[in-house]
Amino acid sequence: MRKIAAAGMACLMAAAFPYCALGAQTGEQAKQQENSEYSIPGTWTGDSMDSRYLLEDGTFLEKNWLFQNGRWYYLDENGYPAAGWNKIKGKWYYFSEDTGRMAVGWAYNHEEDEWYYLNEDGTRKTGWLQSGEIWYWLNSDGVLYDDGWRMVDGHKYYFHSNGQLAAGQYIGTAYYGADGLRNPAFDMNIQGKRKPSDEEKEAITRALENIPRQWMDRFLADGWEFMYYTDRKYMEAPMTDRGVYYVHHKTDQKYKKIKFTEPESLTRAFGEYVAAALEADPEQKKKAEELYFISEELSSGSGLPDLYADDYEVWFGVLFENYCDSDIRSEMQMLVPELCSVLNEMLGADFEGLRPSAWEMTADGEIDAGKAFGPALDPELNPPVRETVQGFPANMKKI
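What you see is a predicted model, and the numbers here were worked out from it, not measured in a lab.

A. Layout of the pairing of strand β8 (residues 91-95). Across five bridges, the pairing between strand β7 (residues 84-88) and β8 is antiparallel. In the sheet register, N86 faces β8, and the bridge partner there is Y93. Two successive antiparallel strands, β7 and β8, enclose a turn made up of two residues, where K89 displays a positive phi of approximately 50 degrees.

This is how it looks when you write it as structure tokens:
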């Protein structure tokens, strides 16, 4: 299978599109959207971002919102589509540099490596953002906190590299509860005279940060424990078709222990725990195995020696490890979405609303401005809305 260089693709796209945005929409919003395809009567004149919107009275639409074909635009004081960041009536919005479409959902600045979130009405989000059980924090400029400790509301919190608050997760060998605060009752058990280094603690954090939260909760609720053997280099080293294969972990089902000697092996070890805990039917296992072979062929995917070909828990652990890598998962979802949906179902995984990877933001090669219900129906932002007929401006008609 041809290997896919996701990082290379992302870099190429980043050069062409410094900002990318990803829209999100609930079922109710979609229903509202279906019934709200209205626009001020008129015609676009000119080319792309040099175009102006000519009204029926012969004047150009200026300093106003326009909805057309499922997208929101804002025409500036000269009648041209707003582009980039624009402050309108005291609130910040982002519009595509190429199309003028208003963005909603996640937005990424490749040049600054900064993430933003645009609300359903297009306004820039600040403060706490909750998606399911996941929390994010965006500062007063709307920039997402990530990758380290931050003081918020008088508490010290840790935010992962994907921007998620560390809650119900491990930071190094220490456990932090659902409120994001330390709970030493579930700290890792250190076996060995040597204390873990800061680099090793960081590697543990990275290895476990993308574990689905519900599975970590189940792991601890079932009485499982992590044991770090700091004085050992590996657990076993069988001879395989790839030569000596060093195994740095053991998932002990009998005593409910994940034992490890290298932090990097933790994601795979946890996947073996998940495999044993799942009650997968034969058809699901077959599809999961197909997905494993596909993930093994990707540019950054991992595989196993033939010795483990028939060991369900071991190869599922590798599949789980690959799938927890957001870039590899994005590639798999693009290549074989039907197989990924099976694994999502098996794991009970829900990625809706979560911050995507930069790779996902550039996969389509253009900015997706989304389909939010939009600010054009907000009377504070758009004075003509104050005179409405059945909730819509009187001077608008369906396209």
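There's plenty left to go through after this.
B. The arrangement of the pattern of salt bridges in detail. Enumeration over the complete set of coordinates arrives at 12 salt bridges. Across the pair R268 and E321 runs a salt bridge, and its minimum N-O distance is 2.8 Å. You can see R268 sitting in helix α5 (residues 266-277) and its partner E321 sitting in helix α7 (residues 312-323), a full 53 residues away along the chain. Residue R268 shares its accessibility class with E321, and that shared class is buried.

C. How the structure looks around the packing of helix α6 (residues 282-297) against α7. In contact at an axis separation of 9 Å, α6 and α7 are set at 55 degrees when each is read in the N-to-C sense. Put simply, α6 runs oblique to α7. α7 is crossed by α6, and the crossing has left-handed handedness. On the side of α6, the interface is formed by K285, A288, E289, L291, Y292, S295 and E296, while α7 contributes Y312, W315, F316, V318, L319 and N322.

D. View of the pairing of strand β11 (residues 127-131). Relative to strand β12 (residues 134-138), β11 runs antiparallel, the two sharing five bridges. Following the sheet pairing, L129 is matched in β12 by Y136. Linking β11 to β12, which pair antiparallel, is a turn of two residues; within it G132 sits at a positive phi near 65 degrees.

About the criteria used
- What you see as residue numbers is a count from 1 along each chain, following the sequence as written.
- The model is predicted, so local features are restricted to residues of pLDDT at least 70 and side-chain atom pairs to those at 80 or more, both for listing and for counting; the totals for chains, interfaces and linings are taken over all residues.
- Derived side-chain values reflect all non-hydrogen atoms in the structure, with water molecules and hydrogen atoms excluded from consideration.
- Here, any two strands with at least 2 DSSP bridges between them count as paired.
- Think of it this way: any DSSP run of H or I at least four residues long counts as a helix, any run of E at least two long counts as a strand, and we number them from the N terminus.
- Salt bridge, as used here: a side-chain nitrogen of Lys or Arg that lies within 4 Å of a carboxyl oxygen of Asp or Glu.
- When a residue's accessible area, from a 1.4 Å probe over protein chains only, is under 20% of the maximum for its type it is buried; when over 50% it is exposed; and in between it is partly exposed.
- Lines are fitted to the C-alpha atoms to define the axes, a helix being fitted only along its stretch in contact, and any angle between axes, read from their N-to-C directions, falls within 0 to 180 degrees.
- Angles are sorted into four bins: roughly parallel if under 35 degrees, roughly antiparallel if over 145, roughly perpendicular if 65 to 115, and oblique for all others.
- Whether a crossing is left-handed or right-handed is set by the direction in which the near helix is turned from the far one by less than a right angle, anticlockwise for left-handed and clockwise for right-handed.
- Contacts are assigned to residue pairs with any non-hydrogen atoms lying within 4.5 Å of each other.

Purely geometric numbers; function is a separate question.
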